[in-house]
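Overview (structure and organization)
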Amino acid sequence: MKLFEKIANPREIRRKLGLNQQEFWSRIGVTQSGGSRYESGRNMPKPVRELLRLVHIEQIDLAKVKREDFEIVEYLKETHPDLYKSLRKAVRARIEAQEGEATDAVGVHG
């Protein structure tokens, strides 16, 4: 999903995560009633869409994110692009392995 891309169905995302409206929307600072309106088709402002993407799609814990982290990433990209690409590849492989383990743990096979 691209930055600020329209989110077609937030209700579907919420249900896939197994969360009720209160749990889902409060994690991004939206009231349950506000979230209900977005799920019913009301236009979602860009900042809300982006928070939903970061927290519920990208699974980022915003409480752990610091500005310095972004500055380190930018510095690494600029000064050591090969190292950055290698680390990115390693992290993606780790995520895929963890997803595979989670799928195996619940007994779901493709």
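First, a word on scope: everything that follows refers to the structure included in this document. (Residues numbered from 1 in each chain as written. Predicted model: local features only at pLDDT ≥ 70, side-chain atom pairs only at ≥ 80, totals over all residues. Heavy atoms only, no water.)

The next point concerns the environment of Leu52. Tracing the backbone through its elements, the reader meets Leu52 in helix H4 (residues 46-57). Distance from Leu52 to Trp25, taken between C-alpha atoms, is 8.3 Å for residues 27 residues apart in sequence. Those residues in contact with Leu52 that lie beyond four places of it in its chain are Ile7, Pro10, Ile13, Phe24, Trp25, Ile28, Met44 and Ile57. (Helix = DSSP H or I, 4+ residues; strand = E, 2+ residues; numbered from the N terminus. Contact = heavy atoms within 4.5 Å.)

Time to look at the packing of aromatic side chains. Inspection of every chain in the model, using the stated rule, returns two aromatic pairs. On the numbers, 5.0 Å between centres and 80° between planes, the contact of Phe24 with Trp25 is edge-to-face. Summarising the burial analysis for this pair, Phe24 and Trp25 share the class buried. Here the aromatic rings of Trp25 and Tyr38 are separated by 5.7 Å at their centres, their planes lie at 55°, and the arrangement is tilted. Within this pair, whereas Trp25 is found in helix H2 (residues 21-26), its partner Tyr38 is found in helix H3 (residues 32-39), the two being separated by 13 residues in sequence. Pair check on accessibility: Trp25 and Tyr38 agree, each one buried. Taken together through their ring pairs, the aromatic side chains of Phe24, Trp25 and Tyr38 make up a single cluster. (Phe/Tyr/Trp six-rings, centres within 6.5 Å; stacked < 30°, edge-to-face > 60°. Buried < 20%, exposed > 50% of the residue type's maximum accessible area, 1.4 Å probe, protein only.)

Within the sequence span of helix H1 (residues 10-17), burial applies to Pro10, Ile13 and Arg14. Down the axis of H1, the buried set is contained in an arc of 95°. They therefore lie on one face. Turned more than 90 degrees away from the buried face of H1, the exposed residues are Arg15 and Lys16. Buried residues belonging to H1 abut H2, H3 and H4. Two residues or fewer past H1, Gly18 is found with a positive phi of approximately 70°. (Arc of directions from axis to C-beta.)

Glancing now at unusual backbone geometry. Even without glycine at this site, Gln59 takes up a positive phi of about 60°. Along the chain, Gln59 falls in the loop between H4 and helix H5 (67-79). Classification of Gln59 by relative accessible area gives exposed; the value is 53%.

Next up on the list: the side chain of Gln21. Position of Gln21 relative to the elements: it lies in helix H2. Overall, the relative accessible area of 16% leaves Gln21 in the buried class. Once you skip the residues sitting within four places of it in the chain, Gln21 turns out to touch Arg14, Ser26, Gln32, Ser36 and Glu39.

What follows is about the environment of Val55. For Val55, the location among the structural elements is in helix H4. When the C-alpha atoms of Val55 and Phe24 are compared, they prove to be 9.5 Å apart, with 31 residues separating the residues in sequence. Non-local contacts of Val55, meaning those with residues more than four positions away in its chain, are made with Arg27, Ile28, Ile60 and Leu62.

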